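Topology and contacts: notes
Chain residues, written in single-letter form:
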Amino acid sequence: MEPNRPNYIPERHWERGQVLILFSFLIVVLMLCVMAVVDVGFYLKERQDVQKAADAAALAGAQELPDDPEAAQAAAIDYLIRNDVDPTDVGISFECTSDSDAICQDGDGRYDTIVVNPTAKAPNFFGPMLSLVGVTNCWVEGCDVGAEAAGCRGACGPIGNGPVDAMMVLDHSGSMSATDLSNAKAAVTQMFENFDFN
C-alpha cells in the first residue's frame, strides 16, 4: 500500500523516459556508423580515382620527354581532364633524374621525368551533421584528396656500373642458308667477345 504523501512518486513511474534516452543515444551511434560507411567509402573511392588519374597523366606526359616539356604538360592535363580531375588543382613539375648528360641536364630545358600532383575534394553526405555538435574538421567540410605520380622516359635514374646480364636472341628463318646462319653465329660470338666478362 502506497504511503499517503503528496509528493510521493510510485516506483513504476521512475523508469519513464529511459527508452527515449536510449533511442537518442542509438540514433547518434547509427548516424556515426552511416557516416563512417558512406563518407569514408566515398573518400577512399575518390582517393583511388585521383591516384589513377595521376598515374595516367604522368605516363601520358612522359611520352613527350625529354625534348618537349610543354607538350608533356599539355598531355598530362588532357588525361587529368579525361579522368574528371580539375586541372587548376594540379601541380606539375619536371626533373632530370638521369646521370647521362646526353639525356638531360638541369637547366637546359630537357627533362626525363614528369611529376604530377593532383588534388580533389572528396564528397561528404553525412559528415556535415557533426557540425551540430561543434565538430569542425574535414569530414564536416569535405576532405582534400591528394596523389602523386611520376613518369620517366629514357635512361632514368643513375647509370649503373655493376655487372649486367646480356642476352641476344638470334631469330633465323627458313630462308637462311647454313652459311648465313654460321656467319650470324660468328658475328654474335665476336660481339660478345668485346664485352668484359670479369
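Further up the page is the structure itself.
What you are looking at is a predicted structure, and each value in this text was computed from that prediction instead of being measured. (Residues numbered from 1 in each chain as written. Predicted model: local features only at pLDDT ≥ 70, side-chain atom pairs only at ≥ 80, totals over all residues. Heavy atoms only, no water.)

Some remarks on unusual backbone geometry
Defined as follows: By definition, any uninterrupted DSSP run of H or I lasting at least four residues is a helix, any uninterrupted run of E lasting at least two residues is a strand, and each is numbered from the N terminus. Exposure categories follow from relative accessible area, calculated using a 1.4 Å probe and restricted to protein chains: below 20% of the type maximum is buried, above 50% is exposed, and the middle band is partly exposed.
For the peptide bond that leads from Leu65 to Pro66, omega is 10°, which places it in the cis range. Along the polypeptide, Pro66 turns up in the loop between α1 (18-62) and α2 (69-82). For Asp84, which is not a glycine, the phi torsion comes out positive at approximately 60°. Structurally, the position occupied by Asp84 is in the loop between α2 and β1 (90-95). Classification of Asp84 as exposed rests on a relative accessible area of 74%.

Regarding α2
What counts here: Multiply 1.5 Å by the residue count of a helix minus one, and that product is the helix's expected span. It is the directions from the helix axis to the C-beta atoms that the arc portrays. Whether two residues touch is decided by their heavy atoms; if any such pair falls within 4.5 Å, the residues are in contact.
Here α2 spans 20 Å end to end across 14 residues, near enough to the 20 Å set by a 1.5 Å rise per residue. Within the span of α2, buried status applies to Pro69, Ala72, Ala75, Ala76 and Leu80. For α2, the arc enclosing every buried residue in end-on projection is 140°, short of the 170-degree limit, so these residues lie on one face. Turned more than 90 degrees away from the buried face of α2 sit Glu70 and Arg82, all of them exposed. Elements in contact with the buried residues of α2: α1, β1 and β2 (113-121). One or two positions beyond α2, positive phi appears at Asp84, with a value near 60°.

Examining the packing of α1 against α2
We apply this condition: Helix axes use the C-alpha atoms of the stretch in contact, all axes being lines fitted to C-alpha atoms, and the angles between their N-to-C directions lie in the range 0 to 180 degrees. Angular relationships are summarised with four words: roughly parallel below 35 degrees, roughly antiparallel beyond 145, roughly perpendicular across 65 to 115, and oblique for the angles in between. Note on convention: near helix rotated counterclockwise from far helix by under a right angle means a left-handed crossing. Clockwise means right-handed. Under the grouping applied here, Gly and all other residues not named as nonpolar or charged are polar, the nonpolar ones being Ala, Val, Leu, Ile, Met, Phe, Trp, Tyr, Cys and Pro and the charged ones Asp, Glu, Lys and Arg.
Between α1 and α2, the least distance of the axes is 7 Å, while the angle of their chain directions is 150°. Between α1 and α2, the interaxial angle falls into the category roughly antiparallel. The hand of the α1/α2 crossing is right-handed. From α1, Ala53, Ala54, Ala56, Ala57, Ala60 and Gly61 reach across to α2, where they touch Ala72, Ala75, Ala76, Tyr79 and Leu80. A per-class count over the contact of α1 with α2 returns 10 nonpolar, 1 polar and no charged.

A word on the environment of Asp144
As a reminder of what qualifies: Any pair of nitrogen or oxygen atoms within 3.5 Å is treated as a polar contact; in protein, a donor-acceptor pairing is required on top of that, and neighbouring residues in sequence qualify only through side-chain atoms on both sides.
Within the secondary structure layout, Asp144 lies in strand β3 (residues 144-146). Taking the C-alpha atoms as reference points, Asp144 and Thr119, separated by 25 residues in sequence, lie 6.7 Å from one another. If we ignore the near neighbours within four places in the chain, the residues touching Asp144 are Tyr43, Ala120 and Lys121. For Asp144, the side chain forms a polar contact with the side chain of Lys121, separated by 3.0 Å.

Things to note about the nonpolar core
Just so we agree on the cut-off: For our purposes a nonpolar core is just a set of buried Ala, Val, Leu, Ile, Met, Phe, Trp, Tyr and Cys residues, chained together by side-chain atoms within 4.5 Å.
Of all hydrophobic cores here, the largest spans 21 residues; its most connected members are Leu80, Ile114 and Val116. Those elements that place two or more of their residues in this core are α1, α2 and β2.

What to know about the environment of Leu80
As for its position among the elements, Leu80 is in helix α2. Considered as a pair, Leu80 and Asp55 are 25 residues apart in the sequence and their alpha carbons are 9.4 Å apart.

With respect to a nonpolar patch on the surface
The following threshold applies: Residues form patches when they are more than 30% accessible in relative terms and have no salt bridge. Like charges link within 9 Å. Nonpolar side chains (Val, Leu, Ile, Met, Phe, Trp, Tyr) link within 5 Å. Areas reported as accessible are Shrake-Rupley estimates using a 1.4 Å probe. Residue values count occlusion only from the protein chains shown. Basic side-chain nitrogens of Lys or Arg form a salt bridge, by our definition, when they fall within 4 Å of a carboxyl oxygen of Asp or Glu.
Taken together, the side chains of Phe23, Ile27 and Leu30 define a hydrophobic patch exposed on the protein surface, amounting to about 290 Å² of accessible area. Residue position: Ile27 is located in helix α1.

Regarding the side chain of Ser98
Inspection of the secondary structure puts Ser98 in the loop between β1 and β2. Judged by relative accessible area, which is 8%, Ser98 ranks as buried. If near-sequence neighbours (up to four positions away) are discounted, Ser98 is found in contact with Ile103, Cys104, Asp112, Ala155 and Gly157.

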